[in-house]
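In case you want the letters, here they are:
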Amino acid sequence: MEHSRIRDRRHYWLGHAFRIDGPLDPQAWRTAFDAWIDRHEGLRSHVAIEGGQPARYTLPPGDIRVQPVDAGAPTSTMATYRLVHGLLDDGTSPLRWPSYVAVTIAGRDSFTVVFAADHSIMDGYSTVSTGGELHALYNAVRAGKSAQLCDTGSYVDFCQDERVRATAATADDPAVQTWRTFFPENTENTLPCGTLSKVAAAPIEFTGPAEASSRRVPQRNLSVEVLDADAADAAASVAREQGQGLFAALLAAFAVTTTELGAGRDFRTVIPLHTRTEAQWADTLGWFVGLAPFQLDCGPARNLAELIQPAGEELRRTRGAATVPFGRVCELLGTRPRISFMVSYMDVRGAQSAPTWVDTNTRWLRSRNVSADEFFFWFVRTQQGVTLNMRYPGTTKATRDIHRHVLRMRDLLAEFTRYGDARIRPIEGAPLSW
């Protein structure tokens with residue numbers, strides 16, 4: 001509704017691209033895509049505003065069928081990129097339905113599938129399962145068999161249950177209290193824009209009624225491998241010796257690097273956590289995301305290993321905050337914050353299609369963004385190792401800071417995995433942008 005009110009032209013989609021060997025069979029592909037839509041109720045549901053109130057409509061399986069459209073035959077790689085990017089932007093607007101689109105690029109011996117959907121109906125784990133499901137359904141249609149896919153729950157049902165829990169939450173809920181202690185004492189909406197975001201490593205900004213036009217800065221994206229498969233196993237083994245997981249070690253390294261580069265000893269960020277708490281939601285397409293605060297005092301530590309246990313304990317302490325939707329937390333606390341700094345982690349090695357990702361040239365996509373103060377980081381562990389994916393303001397200073405941070409963190413992790421620990425040392429330079 002907010003998107004519709006302000007007629008926002010920015011895009012917020014997630015996508016998935018992969019290759020399928022063999023010439024494209026258009027009829028088999030349409031049949032496979034139809035079956036995939038039937039499989040996920042979220043793809044058959046949409047919300048309209050009627051009389052100022054939202055109204056949901058859901059079509060039964062079989063009522064939605066793919067209508068192919070020939071988008072043309074670009075004559076160059078750049079022309080293809082521009083055409084596909086425009087199709088994804090136009091086809092995923094939350095102001096239209098369906099807010100998802102698939103593009104096939106036919107080759108002689110294979111074809112490429114590019115799928116994208118508005119972020120409101122698709123989270124990171126949804127993108128992980130999308131390619132495998134579509135590939136399996138297509139191969140099954142071609143072979144005249146049924147695809148061997150696990151049953152999924154209804155995202156619509158999940159939303160209903162979540163809404164009931166959110167409505168029942170009160171200001172005394174432990175999840176709300178966790179956020180209350182994390183917010184600065186002065187959280188009034190009258191704080192000027194940027195008051196908190198100019199403090200290094202401050203993840204929460206409390207904005208006034210208007211957004212500054214300076215925020216519309218094009219963002220850049222970067223993806224860097226920080227651990228290969230063997231190094232990821234070694235780092236996870238060291239973390240397990242302290243009773244912690246790999247994410248605790250990665251967060252400790254991220255925090256230490258931020259501290260080393262002049263951001264101060266108190267590291268603070270916001271962490272997305274999935275809310276797929278039941279087996280039926282494991283492969284359901286939807287947005288199963290909660291938010292939790294994270295804070296780590298890096299001051300007393302002299303070595304990275306000293307911070308792994310505190311990081312893991314903080315993750316366990318605050319993860320319950322994700323059980324109440326962040327919007328409801330803000331409503332109960334009477335605040336209007338916006339998140340400008342976030343660190344996420346996904347271990348997707350167990351995905352059904354994970355062994356095929358290299359052979360199918362699988363890639364995860366996200367839309368272009370504009371913001372002068374958003375610094376978002378995603379650690380992703382696959383069978384090939386751990387990558388750190390980032391989006392950040394495309395300014396000279398922010399780009400320099402991102403490169404400084406990720407290169408130092410990668411060196412810190414390399415030393416940690418080789419020797420089982422790494423010494424923390426101050427590095428001269430101006431404080432980071434986030």
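What comes next concerns the included structure. Note that the structure is predicted; figures quoted are calculated from it, not measured.

About the criteria used
- Residues numbered from 1 in each chain as written.
- Predicted model: local features only at pLDDT ≥ 70, side-chain atom pairs only at ≥ 80, totals over all residues.
- Heavy atoms only, no water.
- Helix = DSSP H or I, 4+ residues; strand = E, 2+ residues; numbered from the N terminus.
- Rg over C-alpha atoms; globule rule 2.2 N^0.38 Å.
- Buried < 20%, exposed > 50% of the residue type's maximum accessible area, 1.4 Å probe, protein only.
- Polar contact = N/O pair within 3.5 Å; in protein donor to acceptor, adjacent residues only side chain to side chain.
- Contact = heavy atoms within 4.5 Å.
- 1 Å grid on protein atoms, 1.4 Å probe; cavity = no way out; pocket = protein on both sides within 12 Å on 5 of 7 lines; lining within 4 Å.
- Points joined across faces, edges and corners; volume = space filled by probe spheres on them.
- Nonpolar A, V, L, I, M, F, W, Y, C, P; charged D, E, K, R; others polar.
- Core = buried A, V, L, I, M, F, W, Y, C linked by side-chain atoms within 4.5 Å.
- Disulfide = S-S within 2.5 Å.

## Quick word on the overall build of the protein chain
Each helix and strand in the protein chain was counted, giving eleven helices and 14 strands. Computed over C-alpha atoms, the radius of gyration of the protein chain comes to 22 Å, within 12% of the 22 Å expected from 2.2 N^0.38 for 434 residues, which places it in the range of a compact globule. Across its three principal directions, the C-alpha atoms of the protein chain cover 65 × 55 × 40 Å. Evaluated residue by residue, the protein chain yields a buried proportion of 48% over its 434 residues.

## Observations regarding the side chain of Asn389
Checked against the element boundaries, Asn389 lands in strand β14 (residues 385–393). Note on Asn389: relative accessible area 14%, which makes it buried. A polar atom in the side chain of Asn389 sits 3.5 Å from the side chain of Thr387. Not counting chain neighbours up to four residues away, the residues in contact with Asn389 comprise Leu222, Ser223, Arg366, Phe376, Phe377, Trp378 and Val380.

## A look at the layout of surface pockets
Looking at the second largest pocket, its volume works out to about 980 Å³. As for the second largest pocket, its lining consists of 31 residues, and the residues nearest its centre are Pro68, Val69, Ala102, Val103 and Thr104. Listed by contribution, the elements that provide at least two residues to the lining of the second largest pocket are α2 (26–39), α3 (77–91) and β4 (100–106). Top contributing element to the lining of the second largest pocket by residue count: β4, with seven residues. In terms of residue class, the lining of the second largest pocket is built from 21 nonpolar, five polar and five charged.

## Overview of the nonpolar core
Within the largest apolar cluster, 76 residues are counted, with the highest numbers of intra-cluster contacts made by Trp179, Phe254, Phe377 and Phe379. No other element matches the twelve residues that helix α8 (residues 246–263) contributes to this core. Ignoring anything within four residues of it in the chain, the contact list for Phe379 reads Val226, Leu250, Phe254, Val343, Ser344, Tyr345, Met346, Val386, Thr387, Leu388 and Met409.

## A short note on the environment of His119
On the secondary structure map, His119 appears in the loop between β5 (110–118) and α4 (124–143). Placed 105 residues apart in sequence, His119 and Leu14 show a C-alpha to C-alpha distance of 5.9 Å. Those residues in contact with His119 that lie beyond four places of it in its chain are Tyr12, Trp13, Leu14 and Trp287.

## Overview of the state of the cysteines
A covalent bond between the sulfur atoms of two cysteines is referred to as a disulfide. Per the stated rule, a full pass over the model turns up zero disulfides. Here Cys159 is not disulfide-linked; the sulfur of Cys330 is the nearest cysteine sulfur, at 18 Å. The buried category is assigned to Cys330, whose relative accessible area is 9%.

Just distances and angles here, no functional claims.
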